[in-house]
Amino acid sequence: MQLPSVSSGSTPYSEVDAFSRTDRSGFWLEAAKAVDWIRPPTVAIEQRSPREWGWFPDGELNLSANALDRHVDAGRGDLTALLYDSAMTGTKAAFSYRELRDLVADFAGVLRSQGVGVGDRVLVYLPMTPDAVVAMLACARLGAIHSVVFGGFAATELAVRIDDATPKVIVTASGGLEPGRAVEYLHLVRKAIDLAAHRVQSVIVRDRAAVPGSAADYQGDTEVAWLDWEELLVDAVPAAPVSMPSEAPLYILYTSGTTGSPKGIVRDTGGYAVALAWAMKNIYGIVPGQTIFTASDVGWVVGHSFIVYGPLIAGGTTVLYEGKPVGTPDAGAFWRIVEEYRVNALYTAPTALRAIRRVDVGLAELERYDISSLKALYLAGERLDPETWHWANDGLGVPIVDHWWQTETGWSICANPLYIEALPAKAGSTTVPMPGFDVRIVDASGSTIDEPGVEGNIAIALPLPPGALIGIWGSPERYAEAYLSAFPGFYATGDAGHLDEDGYLFVMGRTDDVINVAGHRLSTGSLEEVLTLHPAVAECAVIGVHDDLKGQRAAGFVTLKIGVDHHPDTLVAELVALVREHIGPVAAFRDVTVLDRLPKTRSGKILRKTMRQIVDGVPYTVPATIEDVSVLDPLLALFRTAEVGAGSS
Ligand code: COA
Ligand code: AMP
């Protein structure tokens, strides 16, 4: 059986899914043909140990060549690869595949001149400009491993990543632009270098006209060489793509875990390329001549997979947007881009839609633009509430694809495979598992719950498909412990939900202390670690509470040390500033409540779930292990002043 092509649309998805289950190797070797291999794989998957597999073990390829050179070589060099649109500076630019390949080859030459080669790490800390795409693909060209860090993190978080990834080089810019302020990257990088134990060899700086600052400002005041991107380019010798084993790490991407130290998710090369090629064609319909606008950030997995690698491997056109869904300048920003670039697939987070809805509930802005090129709207990053689903579905007149995935999986675990078969959508559901993802609902003991509609832990039977993580950087034990131990034979997703009678998955929320604020994943544990740094704080708890715009927001509860005389307002301001300094503005941390004591069980466990239920105004559960129900009184007094019919259950 052939894999369905984008244009055929004749094979039902159930058949494709069945093929992937009954002949895993055959399915993925067939899918692998969509990628250009220097040495084509003869084996799809190899098991190394009871819990370890490798994809396409004898294959060799280069992802920069797959994203660029092969399209030029196939005569598509003049096709637009990248469209850059900055609402922050008013800049617009288009890059053909040939132009982008040349920029990447030159910058790879720059990196090589700095001693960067196969397996070396390069930390990329850049705003949403084409430089970020160039830097990532230049690393891939050399077989170097990039680690992109989101601009909204503080220097401390950057330092943690420097120490973990131990990069040879940092690539950065004079700064990023957020509404009303510049983000001073150089200052943050300088501070992070001071904080980190690892010694970086050089920092390559792109001097961005819109934000003052350059390498020269810092030269000489650290052991690190601060170098100017443009100057280095003058002598650059373009670098050719290096042949890389399929299983070689392509990148490390840090994500929040359940502890304060972020996990460096490691992605392979060949499996990722094959998975993205399959997804681009069958879920998003991206082929040469089609345009995708993924309104995310290169600092997140969505940016890696669906701004950079996926669209370019597929030979499509990708839009890189520096701006917000609202306020830059208005709630029509996305529709303007769809019209201007004839966008076919639009991808964003539900938060962005809610932000648009909040200011333009009637979608008046849509009247100003022609969005007839748009074929579907894709949403991920957090739960898409049915209300927003209906609003978008009714207002836009295109299929809405709510799909579920994680930094770890690299592409969607569940989605609607529109270009194989458009399955009927159900509000609140992320539709069905994609090939290779054997999704199960399991109970606390790891037994599969077969009954439809029963909520449990969402787990994926091993092995994971191509494209999913191959480990945690520097810590194989942590990978096994974090994901493979809870339910033997399964990868634990950390999400809870249920499958319905049609096999549709409903993802309801996390089972751990990870929260999702505006589609950004944060660990409440790491926020708590920061709050306890304040000398007045005795104890604290951070929980994720409902937020109409951002889905969730972090709410902190603290008790003070005895004898501390701190004005609550001052304390709150200091705690908010502390989180901003240690984690960064991305945490959007503003809520702090000072309590006399935290509600706890007899054994001292903080009642986070009950607290969350009280704050969210939903019926709350009082665990049997609670010593004295009155521990809830202060919270009830603060958050249940206008009782909403909730009672203990
Ligand atoms: N660099 C530096 N700071 C950043 C940043 C970046 N790349 N991105 C966000 N921040 C800052 C913001 O400026 C803000 O700082 P402030 O406290 O000084 O105002 C803070 O981080 C919180 O940002 P955010 O949570 O994004 O809130 P917002 O009010 O600025 O914007 C939305 C709200 C809904 C418009 C915005 O969250 C959004 O576009 N969300 C979509 C999320 C998304 O694409 N996620 C990707 C996963 S698919
Ligand atoms: P991240 O790794 O930052 O992409 O976050 C992954 C987490 O976001 C998942 O584990 C889910 O908790 C949540 N998530 C992502 N997409 C969805 C979705 N479509 N529906 C519900 N939750 C989602």
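What you are looking at is a predicted structure, and each value in this text was computed from that prediction instead of being measured. (Residues numbered from 1 in each chain as written. Chains lettered and ligands numbered in written order. Predicted model: local features only at pLDDT ≥ 70, side-chain atom pairs only at ≥ 80, totals over all residues. Heavy atoms only, no water.)

So, the sheet that holds strand S23 (residues 438-442)
- The antiparallel open sheet is built from four strands, whose spatial order is S23-S24-S26-S27. One side of each edge strand has no neighbouring strand; the edge strands of this open sheet are S23 and strand S27 (505-510). Between one strand axis and the next, the sheet turns through 50 degrees on average, direction left out of account.
- Relative to strand S26 (residues 490-499), strand S24 (residues 456-461) is paired through five bridges, and the arrangement is antiparallel. Counterpart to Asn457 in the pairing with S26 is Ala496. (Pairing = 2+ DSSP bridges. Helix = DSSP H or I, 4+ residues; strand = E, 2+ residues; numbered from the N terminus. Axes fitted to C-alpha atoms, helices over the stretch in contact; angles between N-to-C directions.)

Details of the site of ligand 2
- Surveying the vicinity of ligand 2 reveals 15 residues, the closest of which are Asp402, Thr407, Asp495, Arg510 and Arg521.
- A distance of 3.4 Å separates a nitrogen atom of ligand 2 from a polar atom in the backbone of Glu382.
- Arg383 places a main-chain nitrogen or oxygen 3.5 Å from a nitrogen atom of ligand 2.
- Here ligand 2 loses 93% of its free accessible area of 490 Å² to cover by the protein chains.
- Among the residues forming the shell around ligand 2, the class breakdown is three nonpolar, six polar and six charged. (Near = heavy atom within 4 Å. Polar contact = N/O pair within 3.5 Å; in protein donor to acceptor, adjacent residues only side chain to side chain. Areas by Shrake-Rupley, 256 points an atom, 1.4 Å probe, with all protein chains shown as cover. Nonpolar A, V, L, I, M, F, W, Y, C, P; charged D, E, K, R; others polar.)

Some details on the environment of Leu276
- For Leu276, the position within the fold is in helix H10 (residues 270-282).
- Considered as a pair, Leu276 and Leu312 are 36 residues apart in the sequence and their alpha carbons are 9.9 Å apart.
- Leave out the neighbours within four places in its chain, and Leu276 touches Ser305, Phe306, Tyr309, Gly310, Ile313, Gly410 and Trp411. (Contact = heavy atoms within 4.5 Å.)

With respect to the UniProt feature "domain: AMP-binding enzyme C-terminal" (unreviewed entry) in the protein
- Taking the numbering used here, the UniProt-annotated feature "domain: AMP-binding enzyme C-terminal" (unreviewed entry) corresponds to residues 527-605.
- This span, residues 527-605, is 25% helix and 32% strand, and a straight line between its end C-alpha atoms measures 18 Å. (UniProt positions renumbered as here; feature names shortened; annotations may be inferred.)

With respect to the domain arrangement of the protein
- What the domain assignment lists for the protein is domain 1 (440-508) and domain 2 (518-641).
- Here the C-alpha centroids of domain 1 and domain 2 sit 29 Å apart. (Domains from an automatic or database assignment.)

Things to note about the nonpolar core
- Core analysis: the biggest nonpolar cluster contains 120 residues, and Phe107, Leu111, Trp278, Tyr284, Tyr309 and Tyr378 have the highest contact counts within it.
- Take this core: its biggest share by element is ten residues, from helix H5 (residues 130-142).
- Not counting chain neighbours up to four residues away, the residues in contact with Phe107 comprise Val134, Ala135, Ala138, Val171, Ile204, Trp229 and Leu233.
- Residues Leu83, Val343, Trp389 and Val398 belong to the second largest nonpolar core, which totals 31 residues. (Core = buried A, V, L, I, M, F, W, Y, C linked by side-chain atoms within 4.5 Å. Buried < 20%, exposed > 50% of the residue type's maximum accessible area, 1.4 Å probe, protein only.)

Here's the deal with the environment of Gly327
- Mapped onto the elements, Gly327 comes out in the loop between strand S17 (317-322) and helix H12 (333-341).
- Given the relative accessible area of 56%, Gly327 is considered exposed.
- When the C-alpha atoms of Gly327 and Glu365 are compared, they prove to be 13 Å apart, with 38 residues separating the residues in sequence.

Examining the packing of aromatic side chains
- According to the stated counting rule, one finds 30 aromatic pairs in the structure shown.
- Residues Tyr272 and Tyr309 carry aromatic rings whose centres are separated by 5.9 Å and whose planes lie at 70 degrees to one another, so their mutual orientation is edge-to-face. Of the two residues, Tyr272 is situated in helix H10 and Tyr309 in helix H11 (residues 301-313); the sequence distance between them amounts to 37 residues. Here Tyr272 and Tyr309 have matching classes, each one buried.
- A centroid spacing of 5.9 Å and a plane angle of 25 degrees characterise the contact between Phe306 and Tyr347, whose relative ring orientation is stacked. Residue Phe306 is located in helix H11, and its partner Tyr347 is located in strand S18 (residues 345-348); the two are separated by 41 residues in the primary sequence.
- Cation over ring: Arg161 sits above Phe153, and NZ or CZ is 4.5 Å from the ring centre. (Phe/Tyr/Trp six-rings, centres within 6.5 Å; stacked < 30°, edge-to-face > 60°. Lys NZ or Arg CZ within 6 Å of the ring centre and 35° of its normal.)

Examining the pattern of salt bridges
- Per the stated rule, a full pass over the model turns up 35 salt bridges.
- A salt bridge links Glu365 to Arg368; the shortest N-O distance between them is 2.4 Å.
- Owing to a relative accessible area of 17%, Glu365 belongs among the buried residues under this scheme.
- Taken together, the salt bridges that share partners define one network made up of Asp17, Arg21, Asp438 and Arg440. (Salt bridge = Lys/Arg side-chain N within 4 Å of Asp/Glu carboxyl O.)

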